[in-house]
Amino acid sequence: NSARSSRVDTCHVSAEKSSGDGMCTTTTLAEHEDDLLRFSSVKSGGLRLFVVYYLIGQGWTVEDESEGRLWATLKKNNEVRGNLLLEVFSEGESGSRGALRVRRLADRTRPYFLKEAVALKALIEELEELNVDSSIPDDKRLFFLENSDTLQEAKELIMKSVA
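Rules and cut-offs
Residues numbered from 1 in each chain as written. Predicted model: local features only at pLDDT ≥ 70, side-chain atom pairs only at ≥ 80, totals over all residues. Heavy atoms only, no water. Phe/Tyr/Trp six-rings, centres within 6.5 Å; stacked < 30°, edge-to-face > 60°. Helix = DSSP H or I, 4+ residues; strand = E, 2+ residues; numbered from the N terminus. Buried < 20%, exposed > 50% of the residue type's maximum accessible area, 1.4 Å probe, protein only. Arc of directions from axis to C-beta. Patch = residues over 30% accessible without salt bridge, like charges linked within 9 Å, V, L, I, M, F, W, Y side chains within 5 Å. Areas by Shrake-Rupley, 256 points an atom, 1.4 Å probe, with all protein chains shown as cover. Salt bridge = Lys/Arg side-chain N within 4 Å of Asp/Glu carboxyl O. Axes fitted to C-alpha atoms, helices over the stretch in contact; angles between N-to-C directions. Parallel < 35°, antiparallel > 145°, perpendicular 65-115°, else oblique. Left-handed = near helix turned anticlockwise from the far one by under 90°. Contact = heavy atoms within 4.5 Å. Nonpolar A, V, L, I, M, F, W, Y, C, P; charged D, E, K, R; others polar. Expected span 1.5 Å × (residues − 1). Core = buried A, V, L, I, M, F, W, Y, C linked by side-chain atoms within 4.5 Å.

## Some details on the packing of aromatic side chains
- The final tally for this structure, using the stated rule, is 1 aromatic pair.
- Measuring from ring centre to ring centre gives 5.3 Å for Phe39 and Phe143, while their planes differ by 50 degrees; the resulting arrangement is tilted. Of the two residues, Phe39 is situated in strand β2 (residues 35-42) and Phe143 in strand β7 (residues 143-145); the sequence distance between them amounts to 104 residues. Both residues of the pair, Phe39 and Phe143, belong to the buried class.

## Considering unusual backbone geometry
- In this structure, Asn77 takes a positive phi of about 55 degrees despite not being glycine.
- Assignment of secondary structure puts Asn77 in the loop between β4 (69-76) and β5 (79-89).

## What about helix α4 (residues 150-160)?
- Of the residues making up α4, those classed as buried are Thr150, Leu151, Ala154, Lys155 and Ile158. Buried residues along α4 cover an arc of 135 degrees about the axis, so they all sit on one side.

## Observations concerning a nonpolar patch on the surface
- Together, Leu49, Tyr53 and Ile56 line one region of the surface with nonpolar side chains, adding up to about 320 Å² of accessible area.
- With respect to the helices, strands and loops of the structure, Tyr53 is situated in helix α2 (residues 44-57).
- Owing to a relative accessible area of 56%, Tyr53 belongs among the exposed residues under this scheme.

## Comments concerning the packing of α2 against helix α3 (residues 113-132)
- Where α2 contacts α3, the axes come no closer than 11 Å and their chain directions differ by 130 degrees. By the criterion of interaxial angle, the relationship of α2 to α3 is oblique. Judged by the sense of rotation from one axis to the other, the crossing of α2 with α3 is right-handed. Each of Leu47, Phe50, Val51 and Tyr54 in α2 lies in contact with α3, whose residues at this interface are Ala122, Leu123, Glu126, Leu127 and Leu130.
- Residues of the contact of α2 with α3, tallied by class, amount to 8 nonpolar, no polar and 1 charged.

## Let's talk about α3
- The terminal C-alpha atoms of α3, which comprises 20 residues, lie 29 Å apart, in line with the 28 Å expected from a rise of 1.5 Å per residue.
- When we look at burial in α3, the residues that qualify are Phe113, Glu116, Ala117, Ala119, Leu120, Leu123, Ile124 and Leu127. All buried residues of α3 fall inside an arc of 160 degrees around its axis, so they share one side. Exposed positions of α3 whose direction lies more than 90 degrees from the buried face are Glu129 and Val132.

## Considering the nonpolar core
- Core analysis: the biggest nonpolar cluster contains 30 residues, and Leu37, Leu86, Leu100 and Leu127 have the highest contact counts within it.
- No other element matches the 6 residues that α3 contributes to this core.
- Setting aside anything within four residues of it in sequence, one finds Leu86 in contact with Val51, Leu55, Gly68, Arg69, Leu70, Ala72, Leu100, Arg101, Val102, Leu120 and Leu123.

## Some details on the pattern of salt bridges
- Counted under the stated rule, the structure contains 5 salt bridges.
- Two residues, Lys121 and Glu125, come together in a salt bridge whose shortest N-O distance is 2.9 Å. A residue pair is termed a helical-turn pair when its members lie 3 or 4 positions apart in one helix, as Lys121 and Glu125 do in helix α3 at 4 residues.
- Residue Lys121 is classed as partly exposed on the basis of its relative accessible area, which comes to 28%.
- When its relative accessible area of 30% is taken as the criterion, Glu125 is described as partly exposed.
- With its nearest N and O atoms 2.9 Å apart, the salt bridge here joins Lys155 to Glu128.

Here it is, written out as structure tokens:
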């Protein structure tokens, strides 16, 4: 199962980035679903670049990992305040559709879990702005959503993850 193997890979990447004993666990936003957003069409490189610049603008440090994974860390006074692993897939890379996947380290007991949720919700809202911008011609759009409710469902899922 590719979802299962990508979780193992994620844990290895996370363990390399974490401090301490190297133990790590990952958590997805929903129990059985890794994809935060699903696209009918996506320019994965362009969307990945948009996500990098957006997160950097919000104070996150972003590293490009192997296979298009983005490791984002939020620090304040050299103390980690958030860790996210984001992946953008185009059609065929993750099955039959394009997707934005997000994984978080450890569990919801971390003091900065809410900060990650707020950052993810803000990112989804920026993507929502791109999605409704009528000045962008169809051939220049970074993505087309699989269905019109995808962005609202993603925001609800993020907020449920901290409830």
